[in-house]
Amino acid sequence: MLTRNCLLLFLWVLVQDGSVHSLHPPSSPLGQGRTARGHRGSAGSMRNGAVGFQRVKRGWVWNQFFVLEEYMGSDPQYVGKLHTDLDRGDSAVKYTLSGDGAGSIFTIDQTTGDIHALRSLDREEKPYYTLRAQAVDINTNRPLEPESEFVIKVQDINDNEPKFLEGPYRASVPEMSPVGTYVTQVTATDADDPTYGNSARVVYSILHGQPYFSVDPKTGVIKTALPNMDREVKEQYQVLIQAKDMGGQLGGLAGTTTVNITLSDVNDNPPRFSKSFFHLRVPESSSVGSAVGRIKAHDLDIGRNAEVEYTIVPGDGGAMFDITTNEHNQEGIIILKRPLDYETKKAYTFKVDAANAHLDPRFQSFGAFKDTATVKINVLDVDEPPVFNKPSYVMDVYEDTPAGTIIGAVTAQDLDASSSPVRYSIDWKSDLDSYFDIDPVEGTISTNELLDRETISQHNISVVATKLNSPVLTSRVAVTVHVLDINEFPPELATPYETFVCENAKVGQITRRGW
């Protein structure tokens, strides 16, 4: 069937030719296709029963043919009709078809010029086919007109749903974000023809995920829809997005994708101690620099937002203890700075502050981002060795002192609460010849025998103090004994001398010098 434009063009050709040929429009079902027609120019004539093909003005009037995709009818789909004005209806003209799909997909009735599609076509596989048509003399097979090219376009139907090629999606957005904060963008593609109808016009909507998030129906941009979403309350959200073609109208095809959204952490929570009072017990024997206790403030945030710094409030414990943070578990480790002595001070009480290391100014209006707890440390008494009242002792004794004479005493005490009695002894390795003895109860040291300064002028002995209630606890002290000289030897001549004196020598007269 000719469209109005084709008909006007065809009439214009006839007028320009100076004559009007009789037309035999082919019959075709309404809307099934278009007709291509031609006419014979004035130079064409019939000589001796044969067509003389000279310079012929083209008689084809071409328009684009259309064929509906996914045709499911039982008969071949009618595409359209080829026709030339040289065809007088006497079956003298034969129509031929060549090009894309000729013979395999498209077939032409050689006599009538009717074109049919032999199978169902998919526009998304191939949107159009370029073919060539020619009218030839059925007897001589000589062309009646030059070959002409035309296109059969596959008309789109809505047979493809929108698809999310990059789904499922993962996205994150900071917790406590205001309404309208950008999260991510999803994109669906539709294989249908975007230039024809609404088959490829996609509209986005949320099937699951409200009221937390929203999606722009045109762009697929996902944004937050609720204020102050708290990661510590809920961290993961699964949003189901639908893309529907036909502009979202009823009957449109739809595809879906999942968007997994994670609320990322911000520092909106201060550290909090699980209790306000911590009670620790520390042996007095603990070494300086050792860890004597651990406390912990918990932060609901994660990562660097949960890092805690501990400080001891100046006061009772500031001089004795320090506190550091364990980077792995954020515990506060209490460190001993100075030696403990149960007998001097039995308990310490101080306060510890726990604060975030990295603050977010947006949330400081929520209040102080720190917490305070009280720590009490009780010093435990440890069974310690006796303690001498001097670091060392020095004693003097004359060498002629009789055996059994007391020359001095040492004193040691048990400073523990049990106050055990102390027993004394001399380490035999330091007094192999047993020159001295010690009273095991009083700690008095006496001589065992006469001392000779000229043989040994100084004795170094080691005294051991042992707790009676715990003999394994001992301490030692060095005792130095100086042996003092006495005048026990008269002078003697180095060599014997022989002296002579005259009988008449006077009183006081020197007879010889030499000593």
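Participant: Talk me through the overall build of the protein chain; I want residue IDs and the actual numbers.
Facilitator: Summing up its helical and strand segments, the protein chain has 1 helix and 34 strands in all. Among the 515 residues that make up the protein chain, the fraction classed as buried is 40%. A separation threshold of at least 6 residues defines the contact pool for the protein chain, and within that pool the share at least 24 residues apart is 67%. Working note: accessible area of the protein chain is about 29,000 Å², and carbon and sulfur atoms make up 51% of it.

Participant: Hey, could you go over the nonpolar core for me, with residue numbers and the actual values?
Facilitator: Ranked by size, the top nonpolar core spans 25 residues in total, and within it Phe-273, Phe-321, Ile-334, Val-352 and Val-375 carry the most contacts. Every element with two or more residues in this core is listed here: strand S19 (277–283), strand S20 (291–298), strand S21 (308–312), strand S22 (321–325), strand S23 (331–336), strand S24 (347–356) and strand S25 (370–380). Discounting residues that sit within four places of it in the chain, Val-375 has contacts with Phe-278, Leu-280, Ile-295, Ile-334, Tyr-348, Thr-349, Phe-350 and Val-352.

Participant: If you had to explain the pattern of salt bridges to someone new, which residues and values would you point to?
Facilitator: As enumerated under the stated definition, the model contains 16 salt bridges in all. A salt bridge links Lys-370 to Asp-353; the nearest nitrogen and oxygen atoms lie 3.8 Å apart. Of this pair, Lys-370 sits in strand S25 while Asp-353 sits in strand S24; the two residues are 17 residues apart in sequence, bridging distant segments of the chain. Between Lys-467 and Asp-414 there is a salt bridge, with its nearest N and O atoms 3.2 Å apart. You can see Lys-467 sitting in strand S33 (residues 458–467) and its partner Asp-414 sitting in the loop between strand S29 (412–413) and strand S30 (422–426), a full 53 residues away along the chain. Looking at Lys-467, the relative accessible area reads 1%, which means it is buried. Accessibility expressed as a relative area gives 7% for Asp-414, which makes it buried.

Participant: Which residues make up the environment of Ser-172, and what values go with them?
Facilitator: Locating Ser-172 in the fold gives a position in strand S11 (residues 169–174). You can call Ser-172 partly exposed: its relative accessible area is 46%. Separated by 10 residues in the primary sequence, Ser-172 and Tyr-182 place their C-alpha atoms 9.7 Å from one another. With residues near it in sequence (within four places) discarded, Ser-172 still touches Val-183 and Thr-262.

Participant: Tell me about the sheet that holds strand S32 (residues 444–447), and name the residues and values.
Facilitator: Spatially, S28-S32-S31 is the arrangement adopted by the 3 strands of the open sheet, whose pairing is antiparallel. Two strands lie at the open edges of the sheet, namely strand S28 (406–409) and strand S31 (436–438), each paired on one side alone. Looking at each pair of strands side by side, their axes are set apart by 25 degrees on average, direction ignored. Pairing of S28 with S32, which is carried by 3 bridges, proceeds in the antiparallel orientation. Following the sheet pairing, Ile-406 is matched in S32 by Ser-446.

Participant: Hey, could you go over the confidence of the model for the protein chain for me, with residue numbers and the actual values?
Facilitator: Per-residue pLDDT for the protein chain averages 84, and the proportion of residues at 70 or more is 86%. Long-range and interchain partners of residues 1–61, a stretch whose pLDDT sits below 50, account for 120 contacts in this model, where long-range means more than four residues apart.

Participant: Give a description of unusual backbone geometry that names residues and reports values.
Facilitator: Note that the residue after Gly-167, namely Pro-168, is joined by a cis bond; omega there is -5 degrees. Within the secondary structure, Pro-168 sits in the loop between strand S10 (148–155) and S11. With an omega dihedral of 5 degrees, the bond running from Gln-210 to Pro-211 counts as a cis peptide bond. Its identity is not glycine, yet Glu-70 carries a phi of approximately 55 degrees, on the positive side. By the element assignment, Glu-70 lies in the loop between strand S4 (65–68) and strand S5 (77–82). Of note in the backbone geometry, Ser-91 takes a positive phi value of approximately 60 degrees without being a glycine. Within the secondary structure, Ser-91 is located in the loop between S5 and strand S6 (93–99). Among the residues examined, Ser-91 registers a relative accessible area of 43% and is labelled partly exposed.

Participant: Which residues make up the side chain of Thr-257, and what are the values?
Facilitator: Mapped onto the secondary structure, Thr-257 falls in strand S17 (residues 254–264). Exposure remark for Thr-257: the relative accessible area of 6% places this residue in the buried category. Leaving out residues up to four positions away in the same chain, Thr-257 has contacts with Phe-164, Gly-167, Pro-168, Tyr-169, Val-239, Leu-240 and Ile-241.

Participant: I'd like to hear about the packing of aromatic side chains, residue by residue, with values.
Facilitator: This structure, assessed with the given rule, holds 10 aromatic pairs. Geometrically, the ring pair formed by Phe-213 and Tyr-237 is edge-to-face, given 5.6 Å between the ring centres and 80 degrees between the ring planes. Taken as a pair, Phe-213 in strand S14 (residues 213–215) and Tyr-237 in strand S16 (residues 236–244) lie far apart in primary sequence, 24 residues in all. Accessibility expressed as a relative area gives 1% for Phe-213, which makes it buried. The exposure class of Tyr-237 is buried, given its relative accessible area of 7%. Aromatic ring contacts, followed pair by pair, group Tyr-212, Phe-213 and Tyr-237 into a single cluster. One residue, Lys-126, lies across the ring of Tyr-129, its end atom 5.3 Å from the ring centre. The side chain of Lys-346 reaches across the aromatic face of Tyr-342, ending 4.7 Å from its centre.

Participant: Requested: an account of the pairing of S16, with residues and values cited.
Facilitator: When strand S13 (residues 203–208) meets S16, the two strands line up antiparallel, connected through 5 bridges. Counterpart to Tyr-204 in the pairing with S16 is Ala-243. Across 9 bridges, the pairing between S16 and S17 is antiparallel. Its bridge partner lying in S17, Ala-243 is registered against Gly-255.

Participant: Lay out the sheet that holds S13 with the relevant residues and their values.
Facilitator: The strand order S11-S17-S16-S13 describes an open sheet built from 4 strands, whose pairing is mixed. In this open sheet, the two edge strands, each paired with only one partner strand, are S11 and S13. Sheet twist, expressed as the average angle between the axes of neighbouring strands with direction ignored, equals 35 degrees.

Participant: Describe the pairing of strand S27 (residues 392–398), and please don't skip the residues or the numbers.
Facilitator: The alternating pattern of S27 places Tyr-393, Met-395 and Val-397 on a buried face and Ser-392, Val-394, Asp-396 and Tyr-398 on a face that is not buried. One ladder, built from 7 bridges, connects S27 with strand S34 (residues 474–484); its direction is parallel. Note on S34: the bridge partner recorded for Val-397 is Val-483.

What counts and what doesn't
- Residues numbered from 1 in each chain as written.
- Predicted model: local features only at pLDDT ≥ 70, side-chain atom pairs only at ≥ 80, totals over all residues.
- Heavy atoms only, no water.
- Helix = DSSP H or I, 4+ residues; strand = E, 2+ residues; numbered from the N terminus.
- Buried < 20%, exposed > 50% of the residue type's maximum accessible area, 1.4 Å probe, protein only.
- Contact = heavy atoms within 4.5 Å.
- Areas by Shrake-Rupley, 256 points an atom, 1.4 Å probe, with all protein chains shown as cover.
- Core = buried A, V, L, I, M, F, W, Y, C linked by side-chain atoms within 4.5 Å.
- Salt bridge = Lys/Arg side-chain N within 4 Å of Asp/Glu carboxyl O.
- Pairing = 2+ DSSP bridges.
- Axes fitted to C-alpha atoms, helices over the stretch in contact; angles between N-to-C directions.
- pLDDT = per-residue confidence, 0-100.
- Phe/Tyr/Trp six-rings, centres within 6.5 Å; stacked < 30°, edge-to-face > 60°.
- Lys NZ or Arg CZ within 6 Å of the ring centre and 35° of its normal.

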